[in-house]
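Coordinate inspection notes
Here are the chains, one letter per residue:
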Amino acid sequence: MTLQQEIVGNATQMAVVSLQPGQTVYCEAGKFLFKTTNVTMETRLGGPSGGGGQQPQGPAGAGGMGGLLRQAMGTAMQAGQRVLAGESLAFQYFTTQGGEGTVGFAGVLPGEMRALELDGTRAWFAEKDAFVAAESTVDFGIAFQGGRTGRSGGEGFVLEKFTGRGTVIIAGAGNFIDLNPADFGGRVEVDTGCVVAFEEGIQYGVQRVGGLNRQGVMNAVFGGEGLSLATLEGNGRVILQSLTIESLANALRKAQGGDKQGPTGGLFSTNAP
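Remember, it's a predicted structure, so these values are computed and weren't measured experimentally. (Residues numbered from 1 in each chain as written. Predicted model: local features only at pLDDT ≥ 70, side-chain atom pairs only at ≥ 80, totals over all residues. Heavy atoms only, no water.)

The next thing to look at is the sheet that holds strand β17 (residues 228-233). The strands that make up a sheet are held in pairs by hydrogen bonds between backbone atoms, and each pair lies either parallel or antiparallel. The sheet built from 3 strands is open, its strands ordered β14-β17-β16 with antiparallel pairing. With one partner strand each, in any of the chains shown, β14 (187-190) and β16 (203-208) form the two edges of the open sheet. Mean inter-strand twist for the sheet, computed between neighbouring axes without regard to direction, equals 30°. (Pairing = 2+ DSSP bridges. Helix = DSSP H or I, 4+ residues; strand = E, 2+ residues; numbered from the N terminus. Axes fitted to C-alpha atoms, helices over the stretch in contact; angles between N-to-C directions.)

Quick look at the structure:
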């Protein structure tokens, strides 16, 4: 059964979901807006991939105490991964009781939202904090890029991973642009903060901006991009955002009289948390 949803609004969008009997949708804590009274809300530590999306079916179905223990350990490991990744510890689950129900969700930044349809053949990856809500048939996981790529890219070290079948709703800052690297020679280079999501099959990496020469130094010091750019290669869908969290934070600090970036930006930025 396809999840019925409508994304409304302009500068700051929200998703209005119509739940049918038997459907369950879950969201990250803090993304819920409103619900009708016939929709129940339950907070759990686990997501569907960790066993938290379904209730145990009794000793026989769950494998007795061993099954319950494995389920508890899976939920704990999943929650631990999310904490290490800086994600919310818990999920909120919504199910309608006696007829159609309505639930509203939103992101945390002014910008767009997008509903992605998973058919079970390809996973989707998204930058952390992009996840808003999904059907219980969609598994939420954490993908660690690790190694040199993650450390160089900053925001690229931890990604959200969505698998299974159903609808997942993501949000970003500013406006979205959809592209396929295959339409641009197979590779695009973007600001590391502009990547919102991409399909499995796209190779995501980070490269240094320029070489150790005059132009490379100029790019790093005065270009506003720092030392690295994200690279996206392959054939598949990519979603970028026009506004980065860093640029929004800088604009707010400047408006409050606390801008410490100076005229150069880039490497010489002295932003304090």
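Having seen it, we continue.
Below, the discussion takes up the layout of surface pockets. Put simply, the second largest pocket is a space of about 310 Å³. As for the second largest pocket, its lining consists of 16 residues, and the residues nearest its centre are Leu 109, Lys 128, Asp 129, Ala 130 and Ile 245. Considering only residue class, the lining of the second largest pocket consists of 8 nonpolar, 4 polar and 4 charged. (1 Å grid on protein atoms, 1.4 Å probe; cavity = no way out; pocket = protein on both sides within 12 Å on 5 of 7 lines; lining within 4 Å. Points joined across faces, edges and corners; volume = space filled by probe spheres on them. Nonpolar A, V, L, I, M, F, W, Y, C, P; charged D, E, K, R; others polar.)

One pass over the full model with this rule turns up 8 salt bridges. Between Glu 28 and Lys 31 there is a salt bridge; the shortest N-O distance is 3.1 Å. Classification of Glu 28 as buried rests on a relative accessible area of 5%. A single salt-bridge network, built from bridges that share partners, covers Glu 112, Arg 114, Asp 178 and Arg 237. (Salt bridge = Lys/Arg side-chain N within 4 Å of Asp/Glu carboxyl O. Buried < 20%, exposed > 50% of the residue type's maximum accessible area, 1.4 Å probe, protein only.)

Read across the sheet, 4 strands follow the order β1-β2-β7-β4 without closing on themselves; strand pairing throughout is antiparallel. At either margin of the open sheet sits one strand with a lone partner, and together these are β1 (4-8) and β4 (32-35). Neighbour-to-neighbour, the strand axes of the sheet open up by a mean angle of 20°, direction not taken into account. Inspection of the sheet shows strand β2 (residues 14-19) paired to strand β7 (residues 101-106) by 6 bridges, in the antiparallel sense. Paired with Ser 18 across the bridge in β7 is Thr 102.

This paragraph deals with the packing of aromatic side chains. Applying the stated criterion across every chain, the model contains 12 aromatic pairs. Where Phe 32 meets Phe 94, the ring centres are 5.1 Å apart and the plane angle is 20°; that geometry is what we call stacked. With Phe 32 in strand β4 and Phe 94 in strand β6 (residues 91-96), this pair connects stretches of sequence that are 62 residues apart. By relative accessible area, Phe 94 is classed as buried at 0%. Ring centres of Phe 140 and Phe 162 lie 5.6 Å apart, and the angle between their planes is 65°; this geometry places the pair in the edge-to-face category. Placement of the pair is Phe 140 in strand β11 (residues 138-144) and Phe 162 in strand β12 (residues 158-171), with a sequence separation of 22 residues. Comparing Phe 140 with Phe 162 shows no difference in burial state: the two are buried. (Phe/Tyr/Trp six-rings, centres within 6.5 Å; stacked < 30°, edge-to-face > 60°.)

A word on the side chain of Ser 18. Note that Ser 18 resides in strand β2. Excluding residues that lie within four positions of it along the chain, Ser 18 makes contacts with Gln 4, Gln 23, Glu 100 and Gly 101. (Contact = heavy atoms within 4.5 Å.)

Attention now moves to the pairing of β2. β2 sits mainly inside the fold: 5 of its 6 residues count as buried. The pairing of β1 with β2 spans 5 bridges and is antiparallel. Pairing of Gln 5 across the sheet is with Val 17, part of β2. What sits between the antiparallel neighbours β1 and β2 is a turn of 5 residues, in which Gly 9 has the positive phi angle 100°.

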